Amino acid sequence: MAGASEQGDGDSTVPLHLRFTKESEKKEAMEIDGGGSGSAETLGPGPGRGKKRPPSPRRDEDSPKSNGMDPDDNWSVSDSGSEEEEGDDNGNQGMYPPFTIDNFPRASYDSDEQDELLYANPRTMLHGPTPTRLFPAFKSGEHVFGSDYNLDDTSDLTASNAGDCLNGCQCYPMDLLQFIDAKIAGYELNRPGRAKIFGFLAARDTIKPLRNYVYNCGIDNCEAVSVKQKTGMARLPLISPTRVIEMSSRALIEFELHALTEDDTKGDDDTIIEGCTELYNMFESKSFIEHRRLYSERCALDIKYMVLINAVEARVEVKVLRLGAIDGGVNMRLLAKTSGFSEVIRLFRGAAPKPGDTMSFAIAVERRSGFDLYIEGFPRDNHTVGRKQVPYSWWKCGFTCSYHRTDEEVAELGVFASVSVKVTWKSYLKKTS
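Conventions and cut-offs
Residues numbered from 1 in each chain as written. Predicted model: local features only at pLDDT ≥ 70, side-chain atom pairs only at ≥ 80, totals over all residues. Heavy atoms only, no water. Salt bridge = Lys/Arg side-chain N within 4 Å of Asp/Glu carboxyl O. Helix = DSSP H or I, 4+ residues; strand = E, 2+ residues; numbered from the N terminus. Buried < 20%, exposed > 50% of the residue type's maximum accessible area, 1.4 Å probe, protein only. Phe/Tyr/Trp six-rings, centres within 6.5 Å; stacked < 30°, edge-to-face > 60°. Lys NZ or Arg CZ within 6 Å of the ring centre and 35° of its normal. pLDDT = per-residue confidence, 0-100. Contact = heavy atoms within 4.5 Å. Arc of directions from axis to C-beta. Polar contact = N/O pair within 3.5 Å; in protein donor to acceptor, adjacent residues only side chain to side chain. Core = buried A, V, L, I, M, F, W, Y, C linked by side-chain atoms within 4.5 Å.

Chemist: Any chance you could explain the pattern of salt bridges here in plain terms?
Modeler: Where charged atoms of side chains with opposite charge meet at close range, the side chains can pair. In this structure the tally under the stated criterion is 15 salt bridges. In this structure, the salt-bridge partner of aspartate 181 is arginine 235, at a minimum N-O distance of 3.0 Å. Separated by 54 residues along the polypeptide, aspartate 181 in strand S3 (residues 174-185) and arginine 235 in strand S7 (residues 234-235) bring together distant segments of the chain. Like aspartate 181, the residue arginine 235 is buried in the burial classification. Where arginine 243 meets aspartate 205, a salt bridge forms, and the shortest distance between an N and an O atom there is 2.8 Å.

Chemist: Can you help me understand the packing of aromatic side chains in this one?
Modeler: Two measures describe an aromatic ring pair: the distance that separates the ring centres and the angle between the ring planes. Scanning the entire structure with this criterion turns up nine aromatic pairs. Residues phenylalanine 200 and tyrosine 213 carry aromatic rings whose centres are separated by 5.8 Å and whose planes lie at 85° to one another, so their mutual orientation is edge-to-face. One end of the pair, phenylalanine 200, is in strand S4 (residues 195-204); the other, tyrosine 213, is in strand S5 (residues 212-217), with 13 residues separating them in the sequence. For the pair phenylalanine 200 and tyrosine 213, a shared accessibility class is recorded, and that class is buried. Between the aromatic rings of phenylalanine 371 and phenylalanine 399, the centroid separation amounts to 5.3 Å while the plane-to-plane angle is 20°, which identifies the pairing as stacked. A residue pair is termed long-range when its members are at least 10 positions apart, and phenylalanine 371 in strand S16 (residues 370-379) and phenylalanine 399 in strand S19 (residues 393-400) qualify at 28 residues. For the pair phenylalanine 371 and phenylalanine 399, a shared accessibility class is recorded, and that class is buried. One aromatic cluster is present, built from ring pairs that chain together Trp75, Tyr374 and Trp394. Cation over ring: arginine 367 sits above tyrosine 403, and NZ or CZ is 3.9 Å from the ring centre.

Chemist: In this structure, what is going on with the confidence of the model for the protein chain? I would like to understand it.
Modeler: Low pLDDT means the predicted atomic positions in that stretch should not be read closely. Taken over all residues, the pLDDT of the protein chain has a mean of 80, while the share at 70 or more is 75%. A low-confidence stretch, residues 59-72 (pLDDT under 50), is modelled with 31 contacts involving residues beyond four sequence positions or located in other chains. Contacts from residues 81-92, a stretch scored under 50 in pLDDT, to residues over four places away or in other chains number 44 contacts.

Chemist: Whenever I open this one, unusual backbone geometry confuses me. Can you help?
Modeler: The backbone of phenylalanine 283 sits at a positive phi, close to 55°, despite the residue not being glycine. By the element assignment, phenylalanine 283 lies in the loop between strand S10 (271-280) and strand S11 (288-295). Of note, the phi angle at serine 339 is positive, near 55°, even though the residue is not glycine. If you trace the backbone, serine 339 turns up in the loop between strand S13 (330-338) and strand S14 (345-351).

Chemist: I keep staring at helix H2 (residues 111-120) and nothing clicks. Help me out?
Modeler: Owing to its 3.6 residues per turn, the α-helix brings residues three or four apart onto one side. Taken as a whole, H2 has its buried residues at Gln114, Leu117 and Leu118. One face of H2 carries all of its buried residues, which in axial projection span an arc of 90°. Across from the buried face of H2, at angles greater than 90 degrees, the exposed residues are Asp112 and Tyr119. Those residues of H2 that are buried lie in contact with helix H3 (123-126), strand S1 (130-131) and S11. The backbone nitrogen of aspartate 112 lies 3.0 Å from a side-chain oxygen of the residue at the head of H2, namely aspartate 110.

Chemist: What should I look at first to understand the nonpolar core in this one?
Modeler: Soluble globular proteins tend to bury their nonpolar side chains together. Within the largest apolar cluster, 40 residues are counted, with the highest numbers of intra-cluster contacts made by Phe179, Ile197, Leu201, Leu257 and Ile272. Among the elements of the structure, S3, S4, S5, strand S9 (250-261), S10, S11 and strand S12 (300-323) are those that each provide at least two residues to this core. Element by element, the count of residues in this core is highest for S9, at six residues. When neighbours within four sequence positions are excluded, leucine 257 is seen to be in contact with Ile184, Ile197, Phe198, Gly199, Phe200, Tyr215, Leu236, Thr271, Ile272, Ile273 and Leu301. Judged by nonpolar contacts, the second largest core, of 35 residues, contains Met359, Val365, Trp395 and Phe399.

Given below as structure tokens:
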């Protein structure tokens, strides 16, 4: 089902939770708490976590667009990179609050120190995401993962054409890794202010073990993010991988992150955390979600991800057809939910591309399921068109999985923009003769 909000305050066709009658309510809607859907059902260890539901059906050509949203269909996320309120996505409060800067565990790559965090110290399990062993970054020579993932080749992965199947479908579904969120935690700024986190976070799979970036920012193009004063936490603005990440049994992530304080270009620009680790899919029969933390001497890296069993790639291409004449320009936000999970995947937030420009995203989707795409348009610098106050405008559509089909829709975002949406389905595994 696709839908668009009406352009005006107090429209009776818009559900109460989408109507805005005060400026403070509008601001709250744009800066809601982070952590995706925040469902506690997705937090414990083991497979099968996450609230599953069928994806929204696609809108038929003759069906009217809905001006309302399912009240249970929550797309609330934070775009600020970090929330000022205390707490984290785990909901660890009360007896087991999150670690603070003062009591945050620190550890080198030494195996004994990592063992202490993983096995001997129960606090690391109670006060944060499940700890995972941190291995040193590959520099040169030999490495525990060197031969398996070709670590001496730091080339970027390029998108490849899966190709059509001849004489009947020859595609196999894949087990895929889908990143949801990544944060640094326990990082102490040398002085108050925001920090520019730059560097990279990439995955390597066994299809072609080259760097498939999900975060890649240089010092000159990184975004300043706020860091929680108490917990030292800040969200990394992830990007789409070049193609989906295969994880039939295991995959590698490697990373190198630096920080630069916003008010001092000569400040804390040395490495704050680097290394790698291997993520495992122990031949699970159901898709699941994991939330892991890698501890180091200065801070930790939190990653939240899905492993989707029997899945394919949805290649989503979003092309801007029209931009409205909005004072200050138009911002866009793109979000997705896949395979019935309630977690929100952040695809894009920023200034809308120019008409004719195309953005491309790779989303992992279970073979017998689908995904929902949510697109939002809103003013970049102010909330008025002429003298009239304008709320944001949204569009949502569900897409059902396939091997080869291409789906096309047009998202109308009221006075802000109209964009075309093209979804191409593919698998990178084929039957061999």
